[in-house]
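Tertiary structure, described
One-letter residues, chain by chain:
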Amino acid sequence: MSDEEKDQVAAVADEFLAARPVWAPLEYADRVRTEAERLPVGVRRFLVSSRAAEDAVIVLGNLPVDEDLVPTPPSWQVAEKEESAIREELVLMLVGSVLGEPFGWVNQQNGRLVHDVCPSRGQENSLTSASSRQQLTLHTEDVFHSCRGDYVALMCLRNPDAVGTTVALVESVDFPEPVRRVLHQDRFRFFPDDSHHVVPQHTTENPSALEDRPHEVASVLFGPEESPYLRIDADFTEAMPGDTEAEAALETAAELLAAAAERVVLSPGDAVFVDNHRAVHGRDTFTPRYDGTDRWLKRTSLVRDLRRTYVRTKSRSRLLG
Ligand SMILES: O=C(O)CCC(=O)C(=O)O
Ligand SMILES: [Fe+2]
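Residues numbered from 1 in each chain as written. Chains lettered and ligands numbered in written order. Predicted model: local features only at pLDDT ≥ 70, side-chain atom pairs only at ≥ 80, totals over all residues. Heavy atoms only, no water.

Under the annotation held in an unreviewed UniProt entry, the chain carries the name Oxygenase and is attributed to Streptomyces seoulensis. Note on the chain: under the UniProt heading Sequence similarities (unreviewed entry), the record states "Belongs to the clavaminate synthase family." (UniProt positions renumbered as here; feature names shortened; annotations may be inferred.)

Here you go:
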């Protein structure tokens, strides 16, 4: 975006917040969508045409970030309590609204609509976004759920060590024919990842065994035959018990995707929208600082049709159970 467009986005956000002393993103989401009609027309046209083309990775740069940004919080819990970087949450919701409807999960980051992604003490090697020393393997966001997002939206507030977000596009991979055939069949189990506290006693610190978690059975490749969609997270996807052919296909798919991975280094004010059907994403390792200058992103998930979610939850809510 140009500096002029950036100032226009900031003005829409500032006006919105000035009229509302309390920050309640779940309640405001519909109104945010309305206000997104005031975003610069060039930005809206860019996002709408990228959505129609199903571009796998959409990057928007030069979004407004507070010049006096507070220190990076030590965890999402602290960010929630202190309401850190509210305007940036709103900016992400505003631009994201052009691509889809933001939604959240009852059991992830306390049901917040916009999440904080920052490294946390004790989570360095976890399989969640609070990790750092451990690589976040390429994954479909919320792979376990049929109402998962069409886009994962990430907005960068800080990234001092230029840590890369990895992305691999399904269209970059040439799956061998026998593997492709197996991947198109319902021979795979998709489990909730460690950030979803799905069964009693399962916390990020004490994850339960995959087999004990509720899961869906489906295919890895699906959708349009000429350019299929993809659903995979090597850490939380397994073949059906005893299906060694599906197990081998899954392994091959993960290897081919890893080989096709590219790196996007987000700078403050950049937002990336990863098409969660057309690409998988992950993150490189890094050394956390824990001094308030750490890498910090805001994240939300966007779905094209919120009614699919309403039908699933049997409630007019943006939160999935
Ligand atoms: O930190 C990143 O760049 C991506 C992390 C991630 O996979 C996520 O937040 O969903
Ligand atoms: Fe992710």
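**Details of the side chain of S97**
In this fold, S97 is placed in the loop between helix 5 (86-96) and strand 2 (101-105). Beyond its immediate stretch of four places on either side in the chain, S97 contacts V32, R33 and A36. (Helix = DSSP H or I, 4+ residues; strand = E, 2+ residues; numbered from the N terminus. Contact = heavy atoms within 4.5 Å.)

**Here we look at the sheet that holds strand 7 (residues 188-190)**
Ordered by their spatial adjacency, 3 strands build an open sheet running 8-7-11, and the pairing between neighbours is antiparallel. The open sheet has two edge strands, strand 8 (216-218) and strand 11 (237-239), and neither has a second partner. Here the average twist between neighbouring strands, direction ignored, is 30°. Judged from the 3 bridges that link them, strand 7 and strand 8 form a sheet pairing that is antiparallel. Each bridged residue has a counterpart across the sheet, and for F190 the counterpart in strand 8 is E216. Relative to strand 11, helix 7 (residues 244-259) is tilted by about 145°, and along the sheet it contacts strand 7 and strand 11. (Pairing = 2+ DSSP bridges. Axes fitted to C-alpha atoms, helices over the stretch in contact; angles between N-to-C directions.)

**Quick word on the layout of surface pockets**
Counted as a void, the largest pocket has a volume near 670 Å³. Mapped onto the lining of the largest pocket, the elements with two or more residues apiece are helix 4 (76-82), strand 3 (115-117), strand 4 (136-139), strand 5 (151-158), strand 14 (279-283) and strand 15 (296-303). Here the lining of the largest pocket is composed, by residue class, of 11 nonpolar, 20 polar and 10 charged. For the second largest pocket, the full set of lining residues is Q135, L136, T137, L138, T166, I232, A234, A254, L257, A258, A261 and R263. Only strand 4 and helix 7 provide two or more residues apiece to the lining of the second largest pocket. Grouping the amino acids of the lining of the second largest pocket by side-chain chemistry returns 8 nonpolar, 3 polar and 1 charged. (1 Å grid on protein atoms, 1.4 Å probe; cavity = no way out; pocket = protein on both sides within 12 Å on 5 of 7 lines; lining within 4 Å. Points joined across faces, edges and corners; volume = space filled by probe spheres on them. Nonpolar A, V, L, I, M, F, W, Y, C, P; charged D, E, K, R; others polar.)

**With respect to the sheet that holds strand 4**
A sheet is described by the order of its strands in space; here 4 strands give the open sequence 4-14-6-12, paired in antiparallel fashion. Each of the sheet's edge strands pairs with one partner strand only, and the pair in question is strand 4 and strand 12 (262-265). On average, each strand axis in the sheet is tilted by 25° relative to the strand beside it, whichever way the strands run. Examined bridge by bridge, strand 6 (residues 164-169) and strand 12 share 4 bridges and lie antiparallel to one another.

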